[in-house]
Amino acid sequence: MFYYEIYLPINILKEFYYCSPLEIPEGVRVLVSFNRKDMIGICGTRFESAPEKDIRYKQIIEVLDQQPLIDSQLMSLAKWMGEYYYCSTGTACFAMLPAWLIPDIQAEVRWVADDIPEKYKELANAFSEGQAQKVSELRKKLKGKPVLQWVEKATEEGYLELNRKLSPKDKPKTVNYIHIIDKTVDPNSLPSKQKEALQLIYAKSKEEFPLAEISRDVSYSVVHALERKGIISIFPRKIEREFFRFETSGLKKVVTLNEEQERAIQEILQHKGHFQVHLLYGITGSGKTEVYIPIIRSYIQEGKGVIFLIPEIALTPQMVERFQAEFGDILAISHSQLSDRQRLEQWQRIAKGECRLVIGARSAIFSPMPNLGLIIVDEEHEQSYKQENNPRYNGRDVAVMRGKISDAQVILGSATPSLESWYNQKKGKYLLHCLNSRPLDIKLPQVQIVSLCEDYSQQMFSDELISAISFRLERKEQVILFQNRRGFSSYMQCLKCGELIKCPNCDISMYYHRDREEMQCHYCGNTYPSPRKCPQCGSYSFVYGSPGTQKVEQTLRILFPQARILRLDSDSARQQDIYKIMFRRMKDKEVDILLGTQMISKGLDFPEVTLVGIVNADISLNIPDFRAAERTFQLCTQVAGRSGRADKEGEVIIQTYNPRHYAIIYASKQDFPGFAEEELSHRRHLYYPPYYRLARILFQSADNNLLQEEMDELSQKVKNLLNTFPQGEIFLLGPVPAPFTKMKNLYRWHLIIKGRTTQSIKKAINTVLNEYKISSTIHYTIDIDPTTLM
Ligand SMILES: Nc1ncnc2c1ncn2[C@@H]1O[C@H](COP(=O)(O)OP(=O)(O)OP(=O)(O)O)[C@@H](O)[C@H]1O
Ligand SMILES: [Zn+2]
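Residues numbered from 1 in each chain as written. Chains lettered and ligands numbered in written order. Predicted model: local features only at pLDDT ≥ 70, side-chain atom pairs only at ≥ 80, totals over all residues. Heavy atoms only, no water.

- Per an unreviewed UniProt entry, the protein goes by the name Primosomal protein N and belongs to Candidatus Syntrophosphaera thermopropionivorans.

This is the structure we're talking about:
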């Protein structure tokens, strides 16, 4: 008998062992029984004898694969994640696999084929004519047989039909099409709206096309009127969900690299073939992509695999487009629009070595790429690399670890590197490569800081910004305005009694969204119609909080009635494909002013944008978080970098109530090294990262009294904890109520641990969790290297 550690998809930090007479390779799926329920797990380490003598181990019920789905390198990575992030190795393993590979044991299957091949005879016999059965029932009937393996294969081969709970993306999609019946009608004979619509339809010069193509310009009722007149028909058509592609010209861009780019490529390729982390610091618009491409090509030519991480695929179409043109078929694009089925297919193509380059957001770091040689993390400072639910990992840090395990080269690139990476470079752990200028002698934009303090209190736009916008509009150039707050206003308060409209679940003021006339909680998503009168005193007059993009848009439309304005934030982004549309309209110069939240801060490269205005730079500065200055510097520098990227000289105006804040001053000079110097000295004095490591234990409960009692007790115990460490080895903050004291109906407290080393942090966490028995009714989560402490 052999004994195996099995990794289960549950977050219990404990080892689970099962036995089997078979020799099972590490990394294959197995079926086991856990708490009397069938569960799929991943097979781990094998032992020749029982880990503990007096325990009777349960047998592994079924082995699902011959070959490991998780290779030894990814398995080492999963184990490291388990150790480092305090998640179970199982949750880490399952984060690496496409959902389709995790069979639903409660699903129903039906025999659908007419013939029965020899190999499935037994399986087919277990079905009565046309009847559906649960996989678990089949297992009972066919005891000891590889039922799950059969079911998976027979489904694949079309003998069985598995009733999966399909995600919406897997369901076939139906869209309305327009079919032109009568091509001879004179549009002028129709009422004006119908006339315009028909002109548009005829102009398509296609007999059939999706209604969506004209739905921006024509209302449905008008189209419907044409249908009633028998000129056109509207019919639904099932369409394949197409694989996500951006239209590309297909033309490779040819650039002559400048000296700095050449040097960076040379320096990096000197270390080719081995683990080494490189930090590519290049100012905005310096052409980092052109540095990545030859390095990637050089790896691919040698038959090695490359993983390229970007923060959010939908927000970086220009990058994807460039890569598509350059690498074509060997490129796999991993993004959230893929259906489970497509994700599986792509995963298989990568594992087979058909795709040598993967581009995707953080989870692409788990791609089963054989012979991995290079990992690139673009915009490595981005918070979106952090996963905020289990396993709570940071894609950038996992990338570095995967590079180490696979002996691959790692490049972290940014115009505003994280202080962690900058510090590692200063210590010599990472190698630094700089791009200090834009190619073709293109100058950085002129930046002006405008103080809102005296002259403009209460005003959204300064005279400086207004006249700069007018100037650019006159010259038919484009403007980007940045306001990092969505909605209309940050709160709504009764003028008479002071009642603030709060979220009942979270006890936080709700945002007012004028477009939908509703109040929204930006933390839990709760919404309700905005009140006409105060729910407390019945008065009809309200004051509104700080303006969001909707309010800015309203003001802009009054100030510049002629301008074509496009607002882009996650409210407007709900309309499908809005980002793609924005991209095209900006390129075709159908937009004069693009207004948006941080969604527009990344990677945009439009040659006609010559003015960037930051409406209020203080939004991110006022958050009570030690990263506030860093975030503000990053956002301001990145947005400012969208201006003047081609031959027309650019300009930036930053409006702020903190004109002398170092984050804003350094951002106005695009001086990252200067900012880093100053910020690092603050961090050192306050024992924050990168000098100390940070961990946060968040305690939550629906019962506030119970939570408080437990936390009082914990703070007594925690006092002793400090004495078990040498002085300065760790620092503890709390337990105290978290800045958001209540969220989604749960009360929240946290304990923040700062430690000089990972080991000290671990020791402290283990003591708190294992020795200070905290009531099991209190839910806790551990966040290592948290990006937010709210
Ligand atoms: N050597 C070069 N000659 C001419 N144009 C170049 C050269 N290198 C890059 N470019 C162009 O400069 C623009 C900016 O390049 P890229 O988008 O790679 O910059 P980046 O460093 O990623 O900037 P950001 O961090 O601001 O997104 C692109 O349009 C790119 O095609
Ligand atoms: Zn809420």
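## Thoughts on the sheet that holds strand 7 (residues 132-134)
Inference 1: Taken in spatial order, the three strands make up an open sheet running 7-6-8, and their pairing is antiparallel. Single-partner strands in this sheet number two, and they are strand 7 and strand 8 (160-163). Along the sheet, successive strands turn relative to each other by an average axial angle of 30 degrees, direction set aside.
Inference 2: The sheet contact formed by strand 6 (residues 108-111) and strand 8 spans four bridges and is antiparallel. Bridging from a neighbouring strand, Arg 110 pairs with Glu 161 of strand 8.
Inference 3: Contacting strand 6 and strand 8, helix 5 (residues 147-156) crosses the sheet at an angle of about 105 degrees to strand 8. (Pairing = 2+ DSSP bridges. Helix = DSSP H or I, 4+ residues; strand = E, 2+ residues; numbered from the N terminus. Axes fitted to C-alpha atoms, helices over the stretch in contact; angles between N-to-C directions. Contact = heavy atoms within 4.5 Å.)

## Details of the site of ligand 1
Inference 1: Not every one of the 20 residues close to ligand 1 is listed here, only the nearest: Lys 253, Thr 256, Lys 288, Thr 289 and Asp 605.
Inference 2: For ligand 1, a nitrogen atom lies 2.9 Å from a polar atom in the side chain of Gln 261.
Inference 3: One nitrogen or oxygen atom from the side chain of Asp 605 is found 2.5 Å from an oxygen atom belonging to ligand 1.
Inference 4: Relative to its free-state accessible area of 640 Å², ligand 1 is covered by the protein chains to the extent of 88%.
Inference 5: According to the grid-proximity analysis, the pocket containing ligand 1 is the second largest pocket.
Inference 6: Sort the elements by how many residues they give to the shell around ligand 1 and helix 9 (residues 288-301) lands first, with three residues. (Near = heavy atom within 4 Å. Polar contact = N/O pair within 3.5 Å; in protein donor to acceptor, adjacent residues only side chain to side chain. Areas by Shrake-Rupley, 256 points an atom, 1.4 Å probe, with all protein chains shown as cover. 1 Å grid on protein atoms, 1.4 Å probe; cavity = no way out; pocket = protein on both sides within 12 Å on 5 of 7 lines; lining within 4 Å. Sits in = over half its atoms within 2 Å of the grid points.)

## As for the environment of Gly 498
Inference 1: Examined against the element boundaries, Gly 498 turns out to sit in the loop between strand 21 (492-494) and strand 22 (511-513).
Inference 2: Separated by 38 residues in the primary sequence, Gly 498 and Gln 536 have C-alpha atoms spaced 9.2 Å apart.

## Considering the pairing of strand 14 (residues 331-334)
Inference 1: Burial along strand 14 is two-sided: the residues Leu 331 and Ile 333 and Ala 332 and Ser 334 are all buried.
Inference 2: Across four bridges, strand 14 lies against strand 15 (residues 357-360) in parallel orientation. Residue pairing in the sheet places Ala 332 in a bridge with Val 358 of strand 15.
Inference 3: Taken together, strand 14, helix 11 (residues 340-351) and strand 15 form a β-α-β motif whose crossover is right-handed. (Buried < 20%, exposed > 50% of the residue type's maximum accessible area, 1.4 Å probe, protein only. Right-handed = clockwise from strand over helix to strand, strands pointing away.)

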